[in-house]
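# Reading the structure
The chain contents come next:
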Amino acid sequence: MKRAGAVRTSTGAVEPLATDAVQLTGGLLADWQRRNRTATIPHAITELRNAGNLDNLRRLLEPSAEPYRGRYPFLDTDIYKTLEGLAYELGGDGEPADARAFFEEAVELLEQAQADDGYLNSYFQDPDQAKKSWEDLAWGHELYNLGHLIQAAVAANRQLDDARLLTIACRFADLVVQKFGADGAEAVCGHPEVEMALVELYRETGNRDYLTQAQLFVDRRGHGNLKYALMPAEYFQENAPFRELPSVIGHAVRMAYLAAGATDVHLETGDKTLLTALERLWDDMVATKLYLTGGLGSRHSDEAIGDRYELPSERSYSETCAAIATMQWGWRMFLATGAAKYLDVFETVLYNAYAVGLSLDGAAFFYDNPLQRRPDHEQRSGAEDGGEPLRRSWFGCPCCPPNVVRWMAQLQDYLAAQRGDTLYLGLYADARVDTGAFAVRMRTSYPWDGEIRVTVERAPENEQTLALRIPNWADETELSINGTSADHQTEDGWLTVSQVFQAGDEIQLVLRMPARAHGSHPYLDATRGAIAVARGPLVYCLEQQDSDAPVDDLLLDPASVTAARTTKSPIAPNAVALAVTAGVAPTPPNDLYPVLREPPAVSSPDSEVTATFVPYFLWGNRKAQAMRVWLRQA
């Protein structure tokens, strides 16, 4: 059995590889997957059992059981996301504790709970619920539930050759086509997600009704087809037709899922008007609305994307689910265009805005991901009372933890792609890539250093091309082929090597990784006059534990950042930290708003300290203290 990846399309500029074609063999990404297998998945299964997610389905079979548990109508999706991740793990080399039993129990319950007409939602099927199915599309999340069910079903079919979930998903999808198809109600879901799932179901089954339905949902949005309340039209991306949206807007996860689904529709229909809109929205997002970490969503209010340049550090929402949604959109844009710039953002999100959502031990989560924590900060992650001041083991709205589970399990699906005789290595990791005719082995310690060795294990007799992505942060690169330095040029972010390869040929790419200082656009008020530290794809931060002076009093200049030396991380022994010399500003006056009678004096240090900056994704694994990504500029 050949295990196909999460996105299977042959219609774009490049084609994704099957899951079997890429194996993570070591390094950070393989460590993340091992942690997912041994810690996060068993933890998630325990939490789902304790929270009653399976009991909600069981109640449909045993009406005398306890009432529906939980506040939200979309809690089935936490089962579906977990099942999607489990499909990858059960189809691979390892088997997490309790994974097989949970998978079988959940599938059996879903088979039995599904209504005769195909409908499936434990909240609305509950006999004690006041609301009826399809009564509130804005907040009911029924189609959102279907979307995650489909993605779990497709994963189970591709990874395990197990069609039971696919049968369930198709029955539900057929009901949706009947109810909301071309001859049905002109409606959309309040939470986009089903669009990309329906396209993937079309790819898996060949049933074009599913693609048509996805296209209808995209085209209907912004035409008054959603009866909403509580939140404005912008929250639901209902303020304008998709192609006319002026910018990414509203609830961040909804926006990115909608854009990912629209990209899928473009991939399968060739609708260039969609691609034009998608490219415009993406470019505007990256230029004006994305955090340095790749986080999307600057407002706790409505979990929303803010105005252009509205990017406050301490109130950054940057929901972990939004990070995953942004990567899903970015990957599809890469498939559609072949452009490296989408993988540049994908990589930034992966190592920063996404990775920070999970603790070092794999059993605690951030829901929102700020870029600053003040010394007296009290608000807990997830906007819930009590509990730990940093990451939590679970949430009342636990959408992020199982999303982390499924995404971590499928990381290998996003490393490489191909087009004809060209193999694209888009992300760098210790991995083996085998397209059948062409097999290579990557060895690297990336993202801790920028040396990548690609050894050819098998090659056909005709000329092949290796396309190596040169990240947009990489100013200095070196290339050698079989130990001999080679001239090279980069075009649109790709360095290409074309030749008739032999087994044993080695291509060495070196991406120089000095620490670098980032400023921000002058319109970005929150970080004007501040400096952030990065190295390679990693954004760094400073926790109070690693500075002898208060982090709020430290001053940086670009020269001190570029002169930083690498050192061992105080949190994770295999991680690279940065020792940076920082000035310490004098104690400021107590006036919150002093009267200025002349230009304010530029801060100058009265002493210096050496502070240890750690990768942003590792912060919050120790005692809760102050943290900053952006520090004052000297």
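The notes below deal with the structure included here. (Residues numbered from 1 in each chain as written. Predicted model: local features only at pLDDT ≥ 70, side-chain atom pairs only at ≥ 80, totals over all residues. Heavy atoms only, no water.)

## Re the overall build of the protein
Definition in use: Helix and strand definitions follow DSSP, with helices as H or I runs of at least four residues and strands as E runs of at least two, each counted in order from the N terminus. In this description the radius of gyration comes from C-alpha coordinates, and the expected globular size is given by 2.2 Å times residues to the power 0.38. Here's how the labels work: a residue is buried when its accessible area is under 20% of the maximum for its type, exposed when over 50%, partly exposed in between, all with a 1.4 Å probe on protein chains only. Here, two residues are considered to be in contact whenever any of their heavy atoms come within 4.5 Å of each other. Areas reported here follow the Shrake-Rupley algorithm with a probe of radius 1.4 Å; residue values treat only the protein chains shown as occluding. Under the convention used here, Asp and Glu are negative, Lys and Arg are positive, and both His and the chain ends fall outside the count. Charge positions are represented by NZ for Lys, CZ for Arg, CG for Asp and CD for Glu.
Of the regular secondary structure elements, the protein holds 15 helices and 25 strands. Computed over C-alpha atoms, the radius of gyration of the protein comes to 25 Å, within 12% of the 26 Å expected from 2.2 N^0.38 for 634 residues, which places it in the range of a compact globule. For the protein, the C-alpha atoms occupy an extent of roughly 75 × 70 × 50 Å along the three principal directions. Relative to its full complement of 634 residues, the protein shows a buried share of 61%. A separation threshold of at least 6 residues defines the contact pool for the protein, and within that pool the share at least 24 residues apart is 71%. Put simply, the protein shows about 23900 Å² of open surface, and 46% of that area lies on carbon and sulfur atoms. Positive and negative charge centroids in the protein, built from 58 and 88 side chains respectively, lie 1 Å apart.

## A closer look at helix H4 (residues 99–113)
Convention followed: What a helix is expected to span follows from its residue count: subtract one and scale by 1.5 Å. Throughout, the arc means that of the directions going from the helix axis to the C-beta atoms.
The end-to-end C-alpha distance of H4 is 21 Å, a good match for the 21 Å that 15 residues give at a rise of 1.5 Å each. What H4 keeps buried is the set Ala99, Phe102, Phe103, Ala106, Val107, Leu109, Leu110 and Ala113. With its buried residues spanning 165° around the axis, H4 presents them on a single face. Packed against the buried residues of H4 are helix H1 (27–51), helix H2 (53–61), helix H3 (76–90), helix H6 (142–160) and helix H7 (164–180).

## A short note on helix H12 (residues 320–337)
Taking 1.5 Å per residue, 18 residues should reach 26 Å; H12 reaches 26 Å between its end C-alpha atoms and fits that length. Most of H12 is tucked away, with 17 of its 18 residues classed as buried. Two residues or fewer after H12 comes Gly338, characterised by a positive phi angle close to 75°.

## Thoughts on the sheet that holds strand S7 (residues 422–425)
By way of backbone hydrogen bonds, the strands of a sheet pair with one another, either parallel or antiparallel. Applicable threshold: Here a strand pair is declared whenever DSSP counts at least two bridges between the two strands. An axis is simply a line fitted to the C-alpha atoms; with a helix, the fit covers only the stretch in contact. Between two such axes, the angle follows the N-to-C directions and lies from 0 to 180 degrees.
Strand order in the open sheet made by the 6 strands is S1-S6-S7-S11-S15-S14, with mixed pairing throughout. Every other strand in the sheet has two partners, leaving strand S1 (15–16) and strand S14 (490–491) as the edge strands with one partner each. As paired strands, S7 and strand S11 (residues 464–469) are joined by 4 bridges and run parallel to one another. When the sheet's bridge partners are listed, Thr422 is paired in S11 with Thr465. Contacts from helix H13 (residues 340–354) reach S11 and strand S15 (494–499) within the one sheet, and its direction differs from that of S11 by about 45°.

## Examining the pairing of strand S6 (residues 416–419)
For a regular strand, side chains alternate in direction, first toward one face of the sheet and then toward the other. In the sheet, S1 pairs with S6 via 2 bridges, with the strands oriented antiparallel. For Pro16, the partnering residue across the bridge sits in S6 and is Ala417. Between the end of S6 and the start of S7, which pair antiparallel, lie 2 residues, with Gly420 showing a positive phi angle near 60°.

## Thoughts on the packing of aromatic side chains
For any pair of aromatic rings, the description rests on two quantities: the centre-to-centre distance and the angle between the ring planes. Which entries qualify depends on this criterion: For Phe, Tyr and Trp, where Trp contributes only its six-membered ring, two rings pair if their centres lie within 6.5 Å, and the inter-plane angle classes them as stacked under 30 degrees, edge-to-face over 60, or tilted in between. Throughout this description, the term charge over a ring refers to an Arg CZ or Lys NZ atom that lies within 6 Å of the ring centre and within 35 degrees of the ring normal.
A complete count under the given rule lists 34 aromatic pairs for this structure. Their ring planes at 85° and their centres at 4.9 Å tell us that Trp282 and Trp329 sit as a pair that is edge-to-face. One end of the pair, Trp282, is in helix H11 (residues 272–288); the other, Trp329, is in helix H12, and 47 residues separate them in sequence. Accessibility assignment for this pair places Trp282 and Trp329 in one class, buried. The interplanar angle of 80° and the centroid separation of 5.4 Å between the aromatic rings of Tyr367 and Phe395 together place this pair among those described as edge-to-face. Of this pair, Tyr367 sits in the loop between H13 and strand S5 (372–373) while Phe395 sits in the loop between S5 and helix H14 (400–409), and the two are 28 residues apart along the sequence. A residue is classified by how much of its surface remains accessible, and Phe395, at 6% relative accessible area, is buried. Taken together, Trp331, Phe334, Phe346, Trp407, Tyr414, Tyr424 and Trp494 form an aromatic cluster joined through their ring pairs. We note Lys179 situated over the ring of Phe180; from NZ or CZ to the ring centre the distance is 5.9 Å.

## Digging into the pattern of salt bridges
Oppositely charged side chains are able to pair whenever their charged atoms sit close together. Rule in force here: By definition here, a salt bridge exists when the distance from a side-chain nitrogen of Lys or Arg to a carboxyl oxygen of Asp or Glu is within 4 Å.
Evaluated as defined, the whole model comprises 43 salt bridges. Measuring nitrogen to oxygen at the nearest pair gives 2.7 Å for the salt bridge that ties Arg203 to Glu268. Remark: Glu268 occurs in helix H10 (residues 252–269) and Arg203 occurs in helix H8 (residues 194–205); sequence separation between them is 65 residues. Take Arg203 and Glu268: they sit in the same class, and that class is buried.

## Here's the deal with the nonpolar core
Spelled out, the test is: Joining through side-chain atoms within 4.5 Å is the link that ties buried Ala, Val, Leu, Ile, Met, Phe, Trp, Tyr and Cys residues into a set, and such a set is a nonpolar core.
Formed by 226 residues in total, the largest nonpolar core has its most connected members in Leu165, Phe242 and Leu350. With 12 residues, H12 is the largest single contributor of residues to this core. Setting aside its immediate chain neighbours within four residues, Leu165 contacts Leu83, Phe103, Val107, Leu110, Leu149, Ala152, Ala153 and Ala156.

## Examining the sheet that holds strand S8 (residues 430–434)
Pairing within the open sheet is antiparallel, and its 7 strands lie in the order S2-S8-S9-S10-S16-S12-S13. Two strands close off the open sheet at either side, each with one partner strand: strand S2 (22–26) and strand S13 (484–485). Note: S8 against strand S9 (residues 439–444), 4 bridges, orientation antiparallel. Paired with Ala431 across the two strands is Met442, which belongs to S9. Against the sheet, H1 makes contact with S2 and S8, and its axis sits at roughly 95° relative to S2, the strand it touches most.

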